[in-house]
Amino acid sequence: MRITSGTLKNKKIKSREGNETRPTLERIKEAIFSIIGDKVVESKFLDLYSGTGNMAIEALSRGAKRAILIEKNQEALRIIIENINDCKLENKSRAYKNETLRAIEILNRKNEIFDIIIMDKPYKENLTENTIKHVSDYDLLAKDGIIISEHSVYEKLPETIGKLVKYDERDYNKKIISFYRHNDQ
């Protein structure tokens with residue numbers, strides 16, 4: 001796995017052995033960053049269910065100002081921290097071991113607001129709608145921010161979740177990428 005663009009282009013990053021961590025495929029990662037374009041530059045980026053840190057590191061490589069990564073698995077977190085250190089991004093990012101919904105509550109208490117929130121949760125667990133609702137309820141998304149959710153084709157998401165509305169959806173075979181923003185945009 002490698003970073004596809006920006007200051008760290010072609011930098012390899014590590015992943016856990018086995019199939020417990022499912023990093024975003026390179027072509028899908030490229031598509032996501034192509035869709036959001038320059039919005040990533042100078043953004044505050046939140047990577048939920050972070051896995052390897054692949055998406056947050058890509059965002060930082062492409063000009064994001066800061067990234068927070070949330071992962072509950074200790075071994076995955078170790079890999080994330082190793083990748084952050086290998087890429088010399090420790091001054092621009094923080095990785096935390098926590099359950100995602102709990103982390104959202106903590107980030108809210110710290111008055112954190114993000115321009116881009118990405119989530120690629122385990123497919124076996126239908127957590128997407130609940131996670132997006134939590135982000136909406138706890139006001140983590142900037143007024144002109146976006147949430148990008150990677151999920152299984154079998155997990156159908158509603159047009160509106162909390163104060164957020166789906167404005168785009170892309171189908172990549174067995175994976176769907178849904179984009180949400182505030183309803184009043």
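As the structure is a prediction and not an experimental result, all values here were calculated from the model.

Visitor: Help me understand the overall build of the chain, please; the structure alone is not making it clear to me.
Guide: Along the backbone of the chain there are five helices and eight strands. For 185 residues, the compact-globule estimate of 2.2 N^0.38 gives 16 Å, and the chain sits close to it at 15 Å. For the chain, the C-alpha atoms occupy an extent of roughly 40 × 35 × 30 Å along the three principal directions. Within the chain, the proportion of its 185 residues that are buried is 51%. In the chain, of all internal contacts separated by at least 6 residues, the share reaching a separation of at least 24 is 65%. Summed over its atoms, the accessible surface of the chain is roughly 9,100 Å², and 46% of this surface lies on carbon and sulfur atoms.

Visitor: Before we go on, may I ask you to explain the sheet that holds strand β2 (residues 66-71) in this structure?
Guide: Strand pairs in the sheet, formed through backbone hydrogen bonds, run parallel or antiparallel to each other. If you trace the eight strands from one edge of the open sheet to the other, you get β3-β2-β1-β4-β5-β8-β7-β6, paired in mixed fashion. Looking at which strands have only one partner, the edges of the open sheet turn out to be β3 (93-97) and β6 (160-161). Direction of pairing for strand β4 (residues 114-119) relative to strand β5 (residues 141-152): parallel, over a ladder of five bridges. Pairing of M119 across the sheet is with S149, part of β5. Seen against the sheet, helix α1 (residues 26-36) touches β1 (44-48), β4, β5, β7 (164-172) and β8 (175-182) and runs at an angle of roughly 140° to β7. Docked against the sheet, helix α2 (residues 54-61) engages β1, β2, β3, β4 and β5, running at close to 165° with respect to β1.

Definitions and cut-offs
- Residues numbered from 1 in each chain as written.
- Predicted model: local features only at pLDDT ≥ 70, side-chain atom pairs only at ≥ 80, totals over all residues.
- Heavy atoms only, no water.
- Helix = DSSP H or I, 4+ residues; strand = E, 2+ residues; numbered from the N terminus.
- Rg over C-alpha atoms; globule rule 2.2 N^0.38 Å.
- Buried < 20%, exposed > 50% of the residue type's maximum accessible area, 1.4 Å probe, protein only.
- Contact = heavy atoms within 4.5 Å.
- Areas by Shrake-Rupley, 256 points an atom, 1.4 Å probe, with all protein chains shown as cover.
- Pairing = 2+ DSSP bridges.
- Axes fitted to C-alpha atoms, helices over the stretch in contact; angles between N-to-C directions.

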